[in-house]
Amino acid sequence: MAERDLHAAQEQRLDDDVSVPLLGQSADAGGKNRFSEKAWACLTFLPRASWNNGVICMNITIVIYSFIWVLTKEISKVNISVFQAVFCRSLFGLIATTIFCKLTKITPLYGNPKMMGWLFLRGVVGAIGMVFVYSAVFLLPVGDASALQLLTSIFVVFFAWVFGWEKGSVLAAIGAVICVCGGVLVSNPPFLHKGHKSWGSDRMMGIGVSLIGSLFAGLAYSLINRIGKSVNPMSMTMWFHTPSVFISAIPLLASFPIPPVIFLSLKQGLLLFGMAFLGFIGQFMLTRSYQLCNATTGAALQTVSVVYSYLLAYLILSEKITYFAAGGTAVIGVGLVLVAEGKRRVKAAEASRKDLENPED
């Protein structure tokens, strides 16, 4: 029964789905009371067009997340633990998302009850992934952490293939291997030209948690794409923030690895607020991107985020870009292109086969 419901949700097109407007119906009606229908259409054309375009949503997302990683790195320098950072972001996101859903009349708050199991799984997996990803930013240079997160694409393709949600291809497999080689270059272990100058326990741990974070993030993004457009992205975001609050609160209450900062300084408060606010916007934009984009295409688009991350880290944090990091990022980018092309060919072949089987259509 759950599988039939999931397939039915996947087949439902966005144009027929009234559960995923950018604004609730009441907000739209209120606008039309104040403006003429033509004026309202002009005012809302750009946000509505962006909201329904996966490529635009993804590009907005990667710019937002580039700033989030820079703020996260600054937070790591002001005696705040990664769990407190995740807790503050998640709590802010949970409150803001709840208010937004109430104002725009998005119901049910936690989405379609028939999808509850899938939504819960997506929320828990995504929350665990976020803790590991933020830990990687705490331990590694921003650019390196961002580049290694591109390996998420490998896990997106892997899980989609393992669970039978998408067919694999030889070209995609070759692209995945190339991405792994690029990840090795970015990591720059000791056997590569004596390794990164800061190679040690922190860098080893950073690379390890980054890979674990990419694995969980890959599964979470695959689940978002699998759930499809039948669930409002704000409801799906609720399922991301709620588990994140509880998962990060446990070590925070245990003062692990350091006690939480109760009375924040002005700098600490501004950094946490900026990271949390951008995280709230970025999270539901990311969710929307993966609802609209093919899982592989969405992951491939994130390659651009590394360019922004390296640039911002260089300008704001004075982090240097190494040849190995730049070269590894380029290699990962090539691998992602091959992965995306492999997926495109598989889809084209499937479409041709269906046309041959049903010529009357």
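Worth saying up front: this structure is predicted, and the values here are computed from it rather than measured.

**What to know about the overall build of the chain**
So, point 1. Each helix and strand in the chain was counted, giving 15 helices and 0 strands.
So, point 2. Counting every position in the chain, which comprises 361 residues, the buried fraction comes to 50%.
So, point 3. Summarising the internal contacts of the chain: among those between residues at least 6 apart in sequence, 87% fall at separations of at least 24.
So, point 4. Accessible area for the chain stands at about 17400 Å²; split by element, carbon and sulfur atoms hold 69% of it.

**Topic: the confidence of the model for the chain**
Residues shown with low pLDDT carry predicted positions that ought not to be read at fine detail.
So, point 1. Taken residue by residue, the chain gives an average pLDDT of 81. The fraction at 70 or more is 80%.
So, point 2. Per-element confidence in the chain ranges from a low mean pLDDT of 42 for helix H1 (residues 2-11) to a high of 94 for helix H6 (residues 116-139).
So, point 3. Overall, residues 1-20 carries pLDDT values under 50, and its contacts beyond four positions in sequence, including any with other chains, amount to 35 contacts.
So, point 4. In the model, residues 23-29 has pLDDT below 50 throughout and makes 10 contacts with residues more than four positions away in sequence or in other chains.

**A word on empty space enclosed by the protein**
So, point 1. By the definition in use, this model includes 2 cavities of 30 Å³ or more.
So, point 2. Quantified by volume, the second largest cavity comes out at close to 80 Å³.
So, point 3. Lining the second largest cavity we find 12 residues, and of these Val157, Glu166, Lys167, Gly168 and Lys343 sit closest to its centre.
So, point 4. Where the lining of the second largest cavity is concerned, the elements lending two or more residues are helix H8 (152-162) and helix H15 (323-357).

**Some words on helix H11 (residues 233-253)**
So, point 1. The first and last C-alpha atoms of H11 sit 30 Å apart over 21 residues, in line with the 30 Å expected at 1.5 Å per residue.
So, point 2. One side-chain oxygen of the residue at the start of H11 lies 2.8 Å from the amide nitrogen of methionine 234, identifying that residue as asparagine 232.
So, point 3. Serine 255, located one to two residues past H11, shows a positive phi value of around 55°.

**Observations regarding the packing of H8 against helix H10 (residues 201-227)**
So, point 1. One can describe the packing of H8 onto H10 by two numbers: an axis separation of 7 Å at closest approach and a directional angle of 45°. Put simply, H8 runs oblique to H10. Here H8 runs over H10; the crossing is right-handed. Only Leu211, Ser214, Leu215, Ala217, Gly218, Leu219, Tyr221 and Ser222 of H10 make contact with H8, whose side of the interface consists of Thr152, Phe155, Val156, Phe159 and Ala160.

**Digging into a nonpolar patch on the surface**
So, point 1. Residues Leu311, Tyr314, Leu315, Ile316 and Ile321 make up a contiguous nonpolar surface patch of roughly 520 Å² in combined accessible area.
So, point 2. For isoleucine 321, a relative accessible area of 43% gives the class partly exposed.

**Some words on the packing of aromatic side chains**
So, point 1. On inspection of all chains with the given rule, the structure shows 12 aromatic pairs.
So, point 2. With a centroid separation of 5.4 Å and an interplanar angle of 75°, the aromatic rings of tryptophan 69 and tyrosine 134 are classed as edge-to-face. With tryptophan 69 in helix H4 (residues 54-75) and tyrosine 134 in helix H6, the pair connects residues that are 65 residues apart, well separated along the chain. With respect to class, tryptophan 69 is no different from tyrosine 134; both count as buried.
So, point 3. Ring centres 6.2 Å apart and planes at 45° place the aromatic pair phenylalanine 83 and phenylalanine 256 in the tilted group. Of this pair, phenylalanine 83 sits in helix H5 (residues 82-103) while phenylalanine 256 sits in the loop between H11 and helix H12 (266-292); the two residues are 173 residues apart in sequence, bridging distant segments of the chain.

**Some remarks on the pattern of salt bridges**
So, point 1. Tallied over the entire structure, the rule returns 3 salt bridges.
So, point 2. Residues aspartate 144 and arginine 203 are paired through a salt bridge, measuring 3.1 Å at the closest nitrogen-oxygen approach. Of this pair, aspartate 144 sits in helix H7 (residues 142-149) while arginine 203 sits in helix H10, and the two are 59 residues apart along the sequence.
So, point 3. Exposure remark for arginine 203: the relative accessible area of 3% places this residue in the buried category.

**Re the nonpolar core**
So, point 1. Counting residues in each nonpolar core, the largest one holds 57 residues, and the members touching the most others are Ile68, Trp69, Ile75, Leu119, Tyr134, Met275 and Ile332.
So, point 2. Non-local contacts of tyrosine 134, meaning those with residues more than four positions away in its chain, are made with Ile68, Trp69, Thr72, Val82, Val86, Arg89 and Met275.
So, point 3. By size, the runner-up hydrophobic cluster in this structure holds 10 residues, among which are Met234, Phe284, Met285 and Leu292.

**Examining unusual backbone geometry**
So, point 1. That bond from threonine 107 to proline 108 is cis: its omega, -10°, falls within 30 degrees of zero.
So, point 2. You can see proline 108 is positioned in the loop between H5 and H6.
So, point 3. Residue proline 257 is bonded to the preceding phenylalanine 256 through a cis peptide linkage, with omega at 0°.
So, point 4. Examined against the element boundaries, proline 257 turns out to sit in the loop between H11 and H12.
So, point 5. One non-glycine residue, asparagine 79, adopts positive backbone phi at about 65°.
So, point 6. When you line up the elements, asparagine 79 lands in the loop between H4 and H5.
So, point 7. One non-glycine residue with positive phi stands out, namely serine 318, at about 60°.

**Topic: the side chain of threonine 72**
So, point 1. Mapped onto the fold, threonine 72 is located in helix H4.
So, point 2. Contacts of threonine 72, omitting those with residues within four sequence positions, involve Tyr134, Val137, Phe138 and Met275.

Parameters at a glance
- Residues numbered from 1 in each chain as written.
- Predicted model: local features only at pLDDT ≥ 70, side-chain atom pairs only at ≥ 80, totals over all residues.
- Heavy atoms only, no water.
- Helix = DSSP H or I, 4+ residues; strand = E, 2+ residues; numbered from the N terminus.
- Buried < 20%, exposed > 50% of the residue type's maximum accessible area, 1.4 Å probe, protein only.
- Contact = heavy atoms within 4.5 Å.
- Areas by Shrake-Rupley, 256 points an atom, 1.4 Å probe, with all protein chains shown as cover.
- pLDDT = per-residue confidence, 0-100.
- 1 Å grid on protein atoms, 1.4 Å probe; cavity = no way out; pocket = protein on both sides within 12 Å on 5 of 7 lines; lining within 4 Å.
- Points joined across faces, edges and corners; volume = space filled by probe spheres on them.
- Expected span 1.5 Å × (residues − 1).
- Polar contact = N/O pair within 3.5 Å; in protein donor to acceptor, adjacent residues only side chain to side chain.
- Axes fitted to C-alpha atoms, helices over the stretch in contact; angles between N-to-C directions.
- Parallel < 35°, antiparallel > 145°, perpendicular 65-115°, else oblique.
- Left-handed = near helix turned anticlockwise from the far one by under 90°.
- Patch = residues over 30% accessible without salt bridge, like charges linked within 9 Å, V, L, I, M, F, W, Y side chains within 5 Å.
- Salt bridge = Lys/Arg side-chain N within 4 Å of Asp/Glu carboxyl O.
- Phe/Tyr/Trp six-rings, centres within 6.5 Å; stacked < 30°, edge-to-face > 60°.
- Core = buried A, V, L, I, M, F, W, Y, C linked by side-chain atoms within 4.5 Å.

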